[in-house]
Amino acid sequence: MSLFRLDGSIRVEGSASRAIADIVEREWRAGNPDAPVTRRHVGTEPLPATAWADAVSGSYLTADQRTPAQSEAAALAATLADELADAEALLFAVPLYNFGVSQHVKTYVDMVITDPRFGPRAEAPTIGKPAVLVTVRGGNYSAGTPREGWDHATSWMRRILEDVWGMDLRVVERDFTLVGVNPALDSFTEMAAELKETAEREAAEHGRLLTSARAAA
């Protein structure tokens, strides 16, 4: 059983989303000790800035009509699509940036969609595959808080992974990751610790389900 993992954090060290995703992978790894993992770190190793535009413009042309840049973009899109199609389980770690999904993750998704297998009207090769989305937020965006409704990333990612690409998705969310970093949030230390513990517990449960869900399919 193979795993594909996407990380969207721009942090090289100390990433909260990566730490939660590590728990998911650890539990999945316990049931698949020798299975391969394909990793794509679009936050620290972003895709070329012009790749999406080149892939889209090149999609209207035959292969022999494309510029070298368009051909390279099409090949990159195919590689990204292959990584998803070949995996039996999928893990996405996507932190909230400025109330939305980061440009690196958005570019990644847009690039994959340029591949015919993953377009909005295609039957994606990921339909029914077990997947986990890990998302973290610096503040608290839950119901009843002043920032309720300001997270415009998580619902968008769910639409892509569940509705467009058809994955059997579970989501782990953690708020208040900036507690201990931003002094203005010091009064929420106890709540942040509880939210972290809950997210870690859910990550472990979902990691185990990544294996059992596919085994039961």
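For clarity, every value in this text was computed on a predicted model and none was experimentally measured.

A. Region of interest: the environment of Pro-46. Tracing the backbone shows Pro-46 in the loop between β2 (37-41) and α2 (51-58). Pro-46 gets classed as partly exposed once you look at its relative accessible area, which sits at 42%. Here the alpha-carbon distance between Pro-46 and Gln-103, two residues 57 residues apart in the chain, equals 9.2 Å. Setting aside residues up to four positions removed in sequence, Pro-46 forms contacts with His-41 and His-104.

B. Representation of the pairing of strand β1 (residues 3-7) in the model. Summarising burial for β1: five of the five residues are buried, a large majority. Where burial is concerned, the two faces of β1 agree: the one with Leu-3, Arg-5 and Asp-7 and the one with Phe-4 and Leu-6 are both buried. Pairing geometry for β1 and β2, over five bridges, is parallel. The partner of Asp-7 across the bridge, within β2, is His-41. In this region the chain leaves β1, passes through helix α1 (residues 16-31) and returns to the parallel neighbour β2; the handedness of that crossover is right-handed. Relative to strand β3 (residues 89-93), β1 runs parallel, the two being bridged by five bridges. Bridge assignment links Leu-6 to a residue of β3, and that residue is Phe-92.

Definitions and cut-offs
Residues numbered from 1 in each chain as written. Predicted model: local features only at pLDDT ≥ 70, side-chain atom pairs only at ≥ 80, totals over all residues. Heavy atoms only, no water. Helix = DSSP H or I, 4+ residues; strand = E, 2+ residues; numbered from the N terminus. Buried < 20%, exposed > 50% of the residue type's maximum accessible area, 1.4 Å probe, protein only. Contact = heavy atoms within 4.5 Å. Pairing = 2+ DSSP bridges. Right-handed = clockwise from strand over helix to strand, strands pointing away.

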